[in-house]
Amino acid sequence: MSTVATPTTAKQSNGLDPALLVPVVGAAILIYLAVLPLFMLIMGSFQAEVAPREFVYTLQNYQKAYASEHTYSTFVNSLIFASGSAAITFLFGTMLAWLTERTNTPMRKLFVPIAVVPLILPGVLESISWIFLLSPKFGYVNVWLMHLFGLQSPPFNVFSLPGMIWVHSVGQVPLAFLMMTAAFKSMDPSLEESAMMSGANTWQTIKRITLRLLAPTAGSVLLILFVRTLESFETPALIGIPARIYVYTSEIFLAFNEYPPDYGRGGALAVGLLLLSAVGVWLYTRATKEGKKFQTVTGKAFRPRQFDLGPWRWAGFAFLMVYFIFVVLLPFLVLFWASFLPFFAAPSWSALDKLTLDNYRYLGGFRPFWEAMKNSVILSTLTATVAMVLTSLVAWIVYKSKLRGAWILDILAFIPITIPGIVMGMALILLYVAFPIPIYGTIWVLLIAYVTRFIPYGMRSSSGSIMQIHSELEEAAAASGASWWDTFKRVTLPLLRPGFVAGWIYICIVSFREFSTSVLLATGESRVLSILLFTMFEQGQVTIVAAIGILMIVTLLTVVGIFYKLTGKVGIQT
């Protein structure tokens, strides 16, 4: 019988036992990152400033936030936006996953990597590209359709609630696709084969067996999509605010940006959004835990059944092609085209004469762009490194040590997933305005915010890898006289590398494109690329924004590629 390696045999020379020191330090860091900002947010939501630096406790902020005439419309808009976006995203993601994994649709394997390509397009750029396409004044699609059919008015208006739902939905499809693909792959085909042998046709089998087996996964995916939409801010900022369609996140942003800033009302709104998000995450974890009665994966090997669609397989191929052209390719092409124009113009033979590199030349000497680029690269690489090192240590404590109460660290590391980005920004403002720590307005407060937000993702990646490491390896190192730190550095950490690299790349990507937290915390000196894009788009410099977007995508792919190459050279395999 194996036992878990305990580091009690390897005390450091100064007498501090790592078995006690590491968990205490880990808990202190997690409390500082996840709990303290929330405490300041809740306390600040009950405070009102009656004189400079003099506060009283009151319910006035909640009265202003939730008893105004706009409260009901904000609440209804938020629910429609979140539920509509979740439904459309789920429909697209499930169709893509089913066609590519469980049918005989032609060239289906080619569309698997294509379906996740939109992940590299930051949310701000996704919204901007769809404004270029569907704006009622200058959108390319509207201009083409009006010219082609002689229409008197544009058929689409992105500055509407349906427009917001569409733009946010297509950006979230890769997430739904990946989650539903995993569900289709792990489904035992024996029940479907039994139905077919009993005389059921393809559609009856799908309706009575496949869809019912997918019910728990479908419910949890819809829930997580609803929560992610509720806390998103890119689409509400770029499309909702100009169209005067307000949701919770845009109301929090406006409370912060009015003069003077109403921190109390913003805090009260943030607490309400936090509670909604927390309830959604709690329902999600509860739904995933109660899925045992739908389990079909056993110790017996199997391959998921492939449905023969007959002539309908070409309809499936047409759906995949339409998705690829209009949802994946078109937003990239419109940004690429606009980046070479001196002013916004629809693609035409006459417009070809206007193509120029002036936007890129302008950016070569545009100092704010290079400062934002430097900040974005530093923050994304540092965030990924700090978050993965921290979560690797916490995962070891939770799953490999025998310390009582280690599960508390797992809960502390999971708390930030309930905190929407804009709520985290509001909480850190209240924290560092009150505390005499001079980091507000620097990139270091952004680093703290990013690390806090993405700890749950690093924890899931690290814990999955560390649970696969057998304790005998650590026991052998300890028996050979290695200290706890030497064992962790030379045995545990190298074995964690596949999960470490995968988590690092994902956190680097989401940090580089982060917007909702940065919009409240970034200042002139700590501006990042997503904020520069937002600011310049509001100023009407749309073609330069397109050029920044192209360079942003190229930089992100370069950073991830360099890291992958470097880690590959030192023996890391993913």
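Before any of the text, the structure's been laid out above.
Everything quoted here is computed from the prediction, not taken from an experiment. (Residues numbered from 1 in each chain as written. Predicted model: local features only at pLDDT ≥ 70, side-chain atom pairs only at ≥ 80, totals over all residues. Heavy atoms only, no water.)

Visitor: An account of the environment of Leu341 is needed here, citing residue identities and associated values.
Guide: Inspection of the secondary structure assignment puts Leu341 in the loop between α14 (313–338) and α15 (349–352). Given a relative accessible area of 0%, Leu341 falls into the buried group. Considering only alpha carbons, one finds Leu341 and Thr356, 15 residues apart in sequence, at a separation of 6.1 Å. Not counting residues up to four positions away in its chain, the partners in contact with Leu341 are Tyr140, Ala351, Lys354, Leu355, Thr356, Asn359 and Thr543. (Helix = DSSP H or I, 4+ residues; strand = E, 2+ residues; numbered from the N terminus. Buried < 20%, exposed > 50% of the residue type's maximum accessible area, 1.4 Å probe, protein only. Contact = heavy atoms within 4.5 Å.)

Visitor: Which residues make up α14, and what values do they have?
Guide: The end-to-end C-alpha separation of α14 is 36 Å, in line with the 38 Å expected for 26 residues at 1.5 Å each. Along α14, the sharpest kink reaches roughly 45°, centred on Leu329 and followed within four residues by the proline Pro331. (Expected span 1.5 Å × (residues − 1). Bend = angle between axes of the 7 residues up to and from the residue.)

Visitor: Give a description of the packing of aromatic side chains that names residues and reports values.
Guide: As enumerated under the stated definition, the model contains 22 aromatic pairs in all. A ring pair is formed by Phe233 and Phe253, whose centres lie 5.2 Å apart and whose planes are at 45°; its orientation type is tilted. Placement of Phe233 in the loop between α10 (215–230) and α11 (234–240) and of Phe253 in helix α12 (residues 248–257) is noted, with a sequence separation of 20 residues between them. Take Phe253: its relative accessible area is 11%, and that puts it in the buried class. Ring geometry for Trp314 and Phe317: centres 6.0 Å apart, planes at 80°, overall edge-to-face. Of the two residues, Trp314 and Phe317 both sit in helix α14, three residues apart, roughly one turn of that helix. Aromatic ring contacts, followed pair by pair, group Phe92, Trp130, Trp166, Phe319 and Tyr323 into a single cluster. (Phe/Tyr/Trp six-rings, centres within 6.5 Å; stacked < 30°, edge-to-face > 60°.)

Visitor: Which residues make up the nonpolar core, and what are the values?
Guide: Counting residues in hydrophobic clusters, the biggest one holds 166 residues, and the most contacted among them are Phe132, Val423, Trp504, Leu529 and Ile548. Beyond its immediate sequence surroundings of up to four residues, Val423 is in contact with Leu41, Ile252, Ala270, Leu273 and Leu274. (Core = buried A, V, L, I, M, F, W, Y, C linked by side-chain atoms within 4.5 Å.)

Visitor: Quick one: what's the story with unusual backbone geometry, residue by residue and with numbers?
Guide: Positive phi is not limited to glycine here, since Met107 has a value of about 60°. The residue Met107 is located in the loop between α3 (71–102) and α4 (111–115) in this model.

Visitor: Describe in detail the packing of helix α20 (residues 443–466) against helix α22 (residues 484–512), supporting the description with residues and values.
Guide: One can describe the packing of α20 onto α22 by two numbers: an axis separation of 9 Å at closest approach and a directional angle of 145°. Our pair here, α20 against α22, has a crossing hand that is right-handed. Seen from α20, the contacting residues are Tyr450, Phe454, Tyr457, Gly458, Ser461, Ser462, Ser465 and Ile466; seen from α22, they are Thr492, Leu496, Gly499, Ala502, Gly503, Tyr506, Ile507, Val510 and Ser511. (Axes fitted to C-alpha atoms, helices over the stretch in contact; angles between N-to-C directions. Left-handed = near helix turned anticlockwise from the far one by under 90°.)

Visitor: Go over the pattern of salt bridges, please, and point to the residues and values.
Guide: Scanning all chains against the criterion turns up six salt bridges. The closest approach of N and O atoms between Glu231 and Arg453, which form a salt bridge, is 3.9 Å. Here the residue Glu231 occupies a position in the loop between α10 and α11, and Arg453 occupies one in helix α20, the gap between them amounting to 222 residues. Given a relative accessible area of 15%, Arg453 falls into the buried group. We note a salt bridge from Arg367 to Glu371, for which the minimum N-O separation is 2.9 Å. Of this pair, Arg367 and Glu371 both sit in helix α17 (residues 367–400), four residues apart, which is roughly one turn of that helix. (Salt bridge = Lys/Arg side-chain N within 4 Å of Asp/Glu carboxyl O.)

Visitor: Any details on a nonpolar patch on the surface? Residues and values, ideally.
Guide: Taken together, the side chains of Ile42, Phe46, Tyr57 and Leu59 make up a nonpolar region of the molecular surface, amounting to roughly 420 Å² of accessible area. Structurally, Leu59 is set in the loop between β2 (54–57) and α2 (60–66). (Patch = residues over 30% accessible without salt bridge, like charges linked within 9 Å, V, L, I, M, F, W, Y side chains within 5 Å. Areas by Shrake-Rupley, 256 points an atom, 1.4 Å probe, with all protein chains shown as cover.)

Visitor: If you had to explain the side chain of Thr100 to someone new, which residues and values would you point to?
Guide: Within the secondary structure layout, Thr100 lies in helix α3. Here Thr100 falls in the buried class, since its relative accessible area comes to 1%. Of the polar contacts made by the side chain of Thr100, one reaches the backbone oxygen of Leu96; its length is 2.7 Å. A polar atom in the side chain of Thr100 sits 3.3 Å from the backbone oxygen of Ala97. Non-local contacts of Thr100, meaning those with residues more than four positions away in its chain, are made with Arg108, Lys109, Phe111, Val112, Phe177 and Leu320. (Polar contact = N/O pair within 3.5 Å; in protein donor to acceptor, adjacent residues only side chain to side chain.)

Without other data, these values stay purely geometric and don't point to any function.
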